[in-house]
Amino acid sequence: MSESIAKSADSCTYNVTVRGERFTCAEVSGLGPQGDLGLPGQELTLTLEDCVLTDVPGAHEWALSAEGPAEPCDVKIEEMAAGSATPVTTWYLHDARPDGIAEHSTTASNHETRIARLTVHATKITPDLAQ
């Protein structure tokens, strides 16, 4: 990988919108063309890493539902370049549900939850090609 590509990849963050509430993650893996067809019975797996949820009770409840029965919903993920207000790429996950969570902690004073790794399953991933 060239140095410039590595630097630009390191400077991206991801905005994840669940139930109308947005939180950020440092890294998302598993996005791409794998889910574009949305074949029946197909289950796609994504990993969201270093996520920070602040004052987003609905998204918080959804993410932590990985520890119990998870309710599927549609999720939007936007890749954001450093200093930009416009997403580089946007993906839509259909029937997404959290399945595994690792190393999470909550700070009551600032209503912040940090999740080291969140595994999410979806039936379809659709990129927004208009961008």
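Definitions and cut-offs
- Residues numbered from 1 in each chain as written.
- Predicted model: local features only at pLDDT ≥ 70, side-chain atom pairs only at ≥ 80, totals over all residues.
- Heavy atoms only, no water.
- Helix = DSSP H or I, 4+ residues; strand = E, 2+ residues; numbered from the N terminus.
- Buried < 20%, exposed > 50% of the residue type's maximum accessible area, 1.4 Å probe, protein only.
- Contact = heavy atoms within 4.5 Å.
- Areas by Shrake-Rupley, 256 points an atom, 1.4 Å probe, with all protein chains shown as cover.
- Disulfide = S-S within 2.5 Å.
- Lys, Arg positive; Asp, Glu negative; His and termini not counted.
- Salt bridge = Lys/Arg side-chain N within 4 Å of Asp/Glu carboxyl O.
- Pairing = 2+ DSSP bridges.
- pLDDT = per-residue confidence, 0-100.
- Core = buried A, V, L, I, M, F, W, Y, C linked by side-chain atoms within 4.5 Å.

Observations regarding the overall build of the protein chain
Right, so step 1: Within the protein chain, the regular secondary structure consists of two helices and seven strands.
Right, so step 2: Order of helices (α) and strands (β) in the protein chain, N terminus to C terminus: α-β-β-β-α-β-β-β-β.
Right, so step 3: The buried share among the 131 residues of the protein chain stands at 37%.
Right, so step 4: Taking the intrachain contacts of the protein chain between residues at least 6 apart in sequence as the baseline, contacts between residues at least 24 apart amount to 63%.
Right, so step 5: Looking at the protein chain as shown, the accessible area adds up to about 7,200 Å², and 51% of this sits on carbon and sulfur atoms.

Focus: the state of the cysteines
Right, so step 1: Per the counting criterion, the structure on display carries one disulfide.
Right, so step 2: Each sulfur in the disulfide pair Cys25 and Cys51 lies 2.2 Å from the other. With the S-S bond torsion at 100 degrees, the cross-link from Cys25 to Cys51 turns out right-handed. Here the residue Cys25 occupies a position in strand 2 (residues 21–29), and Cys51 occupies one in strand 3 (residues 44–54), the gap between them amounting to 26 residues.
Right, so step 3: On the accessibility criterion, Cys51 (1% relative accessible area) is buried.

Some words on the side chain of Glu79
Right, so step 1: Turning to its location among the elements, Glu79 is positioned in strand 4 (residues 73–80).
Right, so step 2: Buried charge without a salt bridge: Glu79, with Lys76 as the nearest opposite-charge side chain at an N-O distance of 14 Å.

Overview of the pairing of strand 3
Along any regular strand, the residues point their side chains to alternate faces of the sheet.
Right, so step 1: The sheet contact formed by strand 2 and strand 3 spans five bridges and is antiparallel. Residue pairing in the sheet places Thr24 in a bridge with Val52 of strand 3.
Right, so step 2: Relative to strand 6 (residues 112–122), strand 3 is paired through ten bridges, and the arrangement is antiparallel. From the neighbouring strand, Thr47 faces strand 6, where its bridge partner is Thr119.

Observations concerning the environment of Ala26
Right, so step 1: Note on placement: Ala26 falls in strand 2.
Right, so step 2: Given a relative accessible area of 34%, Ala26 falls into the partly exposed group.
Right, so step 3: Between the C-alpha atom of Ala26 and that of Ser11, which follows or precedes it by 15 residues, the distance is 9.1 Å.
Right, so step 4: Setting aside residues up to four positions removed in sequence, Ala26 forms contacts with Cys12, Tyr14, Glu49 and Asp50.

Notes on the confidence of the model for the protein chain
Right, so step 1: This prediction gives the protein chain a mean pLDDT of 82; 81% of its residues lie at or above 70.
Right, so step 2: Element-level pLDDT for the protein chain is lowest in helix 1 (residues 3–10), with a mean of 42, against a maximum mean of 96 in strand 1 (residues 13–18).
Right, so step 3: The low-confidence segment residues 1–9 (pLDDT under 50) makes one contact with residues lying over four places distant or belonging to another chain.

Some thoughts on helix 2 (residues 57–64)
Right, so step 1: Considered for burial, the residues of helix 2 that qualify are Gly58, Ala59, Trp62, Ala63 and Leu64.
Right, so step 2: As for helix 2, its buried residues are in contact with strand 1, strand 2, strand 3, strand 4, strand 5 (87–107) and strand 6.

A short note on the nonpolar core
Right, so step 1: Membership of the largest hydrophobic core comes to 28 residues, with the highest contact counts inside it found for Phe23, Leu48, Trp62, Val75, Ile77 and Leu93.
Right, so step 2: Contributing elements (two or more residues each) for this core: strand 1, strand 2, strand 3, helix 2, strand 4, strand 5 and strand 6.
Right, so step 3: When sequence neighbours within four positions are dropped, the list of residues in contact with Leu93 reads Leu31, Leu46, Cys73, Asp74, Val75, Ile77, Val120, Ala122, Lys124 and Ile125.

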